[in-house]
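# Commentary on secondary and tertiary structure
Next come the chains, spelled out residue by residue.
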Amino acid sequence: MDADLRKQWLAIEDFPPYQFALDKGQEMFATPFKNGKTYGDCFADKGVGIRQNYPYFDDKTGEIVTLELALNRCRQANGEQPFSYVKDEMAALTAYMAFTSRGKIVRHQIPNDPRALAAYENGKKYFYTRRGQLNFSCASCHVQSPGEHIRTEVLAPALGILAAMPIYRSEWGGMGTISRRFVTCNSQVRGVPLEPAGRETIATSNIYLSYMSNGLPVSGPGSRP
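As a starting point, this report considers the structure included with it. Since we're looking at a predicted model, the values are computed, not measured. (Residues numbered from 1 in each chain as written. Predicted model: local features only at pLDDT ≥ 70, side-chain atom pairs only at ≥ 80, totals over all residues. Heavy atoms only, no water.)

The next subject is the packing of helix 3 (residues 67-77) against helix 4 (residues 88-99). The contact between helix 3 and helix 4 brings their axes to 11 Å, and the two run at 110 degrees. Taken together, the axis directions place helix 3 and helix 4 in an arrangement best described as roughly perpendicular. Along this stretch, helix 3 crosses helix 4, giving a crossing that reads as right-handed. Residues L67, E68, L71 and N72 of helix 3 pack against M90, L93, T94 and M97 of helix 4. The residue inventory of the contact of helix 3 with helix 4, partitioned by class, reads five nonpolar, two polar and one charged. (Axes fitted to C-alpha atoms, helices over the stretch in contact; angles between N-to-C directions. Helix = DSSP H or I, 4+ residues; strand = E, 2+ residues; numbered from the N terminus. Parallel < 35°, antiparallel > 145°, perpendicular 65-115°, else oblique. Left-handed = near helix turned anticlockwise from the far one by under 90°. Contact = heavy atoms within 4.5 Å. Nonpolar A, V, L, I, M, F, W, Y, C, P; charged D, E, K, R; others polar.)

Our next topic: helix 3. When you tally the buried positions in helix 3, you get eight out of eleven residues, the bulk of the element. Considered for burial, the residues of helix 3 that qualify are L67, E68, L69, A70, L71, N72, C74 and R75. Following helix 3 by one or two positions, G79 has its phi on the positive side, about 80 degrees. (Buried < 20%, exposed > 50% of the residue type's maximum accessible area, 1.4 Å probe, protein only.)

Time to look at the side chain of T66. Following the sequence through the fold, T66 ends up in the loop between strand 2 (63-65) and helix 3. If we ignore the near neighbours within four places in the chain, the residues touching T66 are Y54, P55 and N206.

On to the state of the cysteines. Taken as a whole and assessed by the stated rule, the structure comprises one disulfide. Between C141, a free cysteine, and C185, which holds the nearest cysteine sulfur, the sulfur-to-sulfur gap is 7.2 Å. Exposure remark for C141: the relative accessible area of 14% places this residue in the buried category. Free cysteine C185: the closest other cysteine sulfur is in C138, separated by 6.8 Å. Exposure remark for C185: the relative accessible area of 23% places this residue in the partly exposed category. (Disulfide = S-S within 2.5 Å.)

Written out as structure tokens, the structure reads:
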């Protein structure tokens, strides 16, 4: 970002608009389920400082496990209903988990497993494939034009997008996960609607974006205009 935009961002960080979600997520994370267990019982290191480890490829099931999926599985294993993958409670929980991981370096490796390599390639293909009535790909904005304006928005670079999630966006008036960003971007280019928990698009794209963030620190939760 240019110098003026960076000054604006630093000013926003003094009084972050995502603070309400961070506080809510911290409270939710510590509140026991009906059976007395907590989210910390489902994760390594009690769920603190582990954001950089997600998503990962589960070689036993052949699945990509995103942080959102892991949280919902934790809830269901403890007799609770799953949350929406895109905002509200899920965004608050992931905001808190990201905050506890700030500064941790993303070091994501793709296992030498045909299923994992295929997932990575599918995520990459989706990222670069043009779609919708506007004929845009993710790369059209976030690789070819970062820093440029599209309407009133400044386009973010693809590098590090996942490390900054979840985010507060002024246009949403609230928080959103990476799933929400994929869903809204796809609708903005007038593409076929995406399923927020969809394995073949959002999950594989998570793997690709995570690999792209290698070497960068976790910086979420974040904020955007």
